[in-house]
Amino acid sequence: MTKIVDSYRFLDGITKRMMKHWATLGVPRQIPWTPLAKPISQCTVSLLSSAAVALKTDRPFDQEIERRDPWFADPSYRVLPGKTATHDARVYHLHINPSFAQQDLNCVMPVERLSQLEAAGEIGRSAPSHYSYMGYTLRPEALLRGTVPRIIGQLRQEQVDVVVLVPV
Amino acid sequence: MMPELTASVGVPRIAAIEHPFGLTLGLPGDAACQLAVLRAALRALEEMSQPGAVVHLPFEWNSSEKLNIYPPETPPIARYLRRHPWYVPKFLSRTPPEVPEQPGP
């Protein structure tokens, strides 16, 4: 039987109702489209996780911003090198249990799995940089106008062909 | 995760997966599952040929382990709405107050 994903399986009653309502708020718009220009086996692939992952040596995501103004979260982003290991990183997202990703970063940011695909020749290469930002905000302007163009700029610089967005 | 919600904002391609929050690729240490999910998402990318395409990945979440997927601290917005229930409609309509209100609880 063909699997159809239940979008709301892991939500409790009230949150489920809220998210179902949010799904009706989208305004029809032209969906952007860039065709895949070459086989995946020749593509440079980067990861973008909304789990708010930062290297321990980097500036932490500022959780206090969201605690002060619960409609908003730290709109910045962090770069994680292709060789990032679980013990190099911390997870700052305030809406998930971060303990799984703290045990194994690949739960939300599969850098090691991507390297495996590179070694097996299934992708061209893992990009030099992967990215993370803090998912959840109801004031997305700073994220959309500041962070997103900066990430796109770096993706272009590193000639990335494919970005896998990993929601959490 | 919530492909219906993702689709509603007009995302070009979606590889939908029915995994719990915080475990998008699979459980810690389950490299086989994580690899299979990543590989399936990239295969889906090769298949999808039109804007708004959704591929439902065939993974079943059957962990027998009782998992706590909740954050250790109640998310600030949930705490805030409990204390300020009159803001629930604003949250539901995704129209936050124009000027940030006084700090939450």
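Bear in mind the structure is a predicted one, so any value in this text is a computation, not a measurement. (Residues numbered from 1 in each chain as written. Chains lettered and ligands numbered in written order. Predicted model: local features only at pLDDT ≥ 70, side-chain atom pairs only at ≥ 80, totals over all residues. Heavy atoms only, no water.)

(A) The arrangement of the interface of chain B and chain A in detail. Taken residue by residue, the interface counts 72 residues in chain B and 60 residues in chain A. Together, the buried faces of chain B and chain A total about 5900 Å²; carbon and sulfur atoms form 67% of this surface. If you sort the residues of chain B by the area they bury against chain A, E18, F91 and R94 of chain B come out on top, with a joint share of 11%. Where chain B meets chain A, there are five salt bridges. One salt bridge in this structure joins K3 of chain A and E60 of chain B, with 3.1 Å as the shortest N-O distance. For the pair chain B and chain A, the interface holds 25 residue pairs in polar contact (both at pLDDT 80 or more). Elements with a contribution of two residues or more to the side of chain B that touches chain A: α1 (3–8), β1 (13–16), α2 (31–47), α3 (76–83) and α4 (88–92) of chain B. (Contact = heavy atoms within 4.5 Å. Buried area = accessible area lost by both parts, 1.4 Å probe. Salt bridge = Lys/Arg side-chain N within 4 Å of Asp/Glu carboxyl O. Polar contact = N/O pair within 3.5 Å; in protein donor to acceptor, adjacent residues only side chain to side chain. Helix = DSSP H or I, 4+ residues; strand = E, 2+ residues; numbered from the N terminus.)

(B) Structural context of the environment of T24 of chain B. If you trace the backbone, T24 of chain B turns up in the loop between β1 and α2. Along the chain, T24 of chain B and V37 of chain B lie 13 residues apart, while their C-alpha atoms are 8.7 Å from each other. Beyond its immediate chain neighbours, meaning those up to four positions away, T24 of chain B contacts C107, V166, P167 and V168 of chain A together with M1, I17, H19 and V37 of chain B. Within the local environment of T24 of chain B, its side chain forms a polar contact with the backbone oxygen of P167 of chain A, the two atoms lying 2.6 Å apart.

(C) Geometry of the confidence of the model for chain B. Residues at a pLDDT of 70 or more form 93% of chain B, whose mean pLDDT is 93. In the model output, the complex is listed with pTM 0.95 alongside ipTM 0.96. (pLDDT = per-residue confidence, 0-100.)

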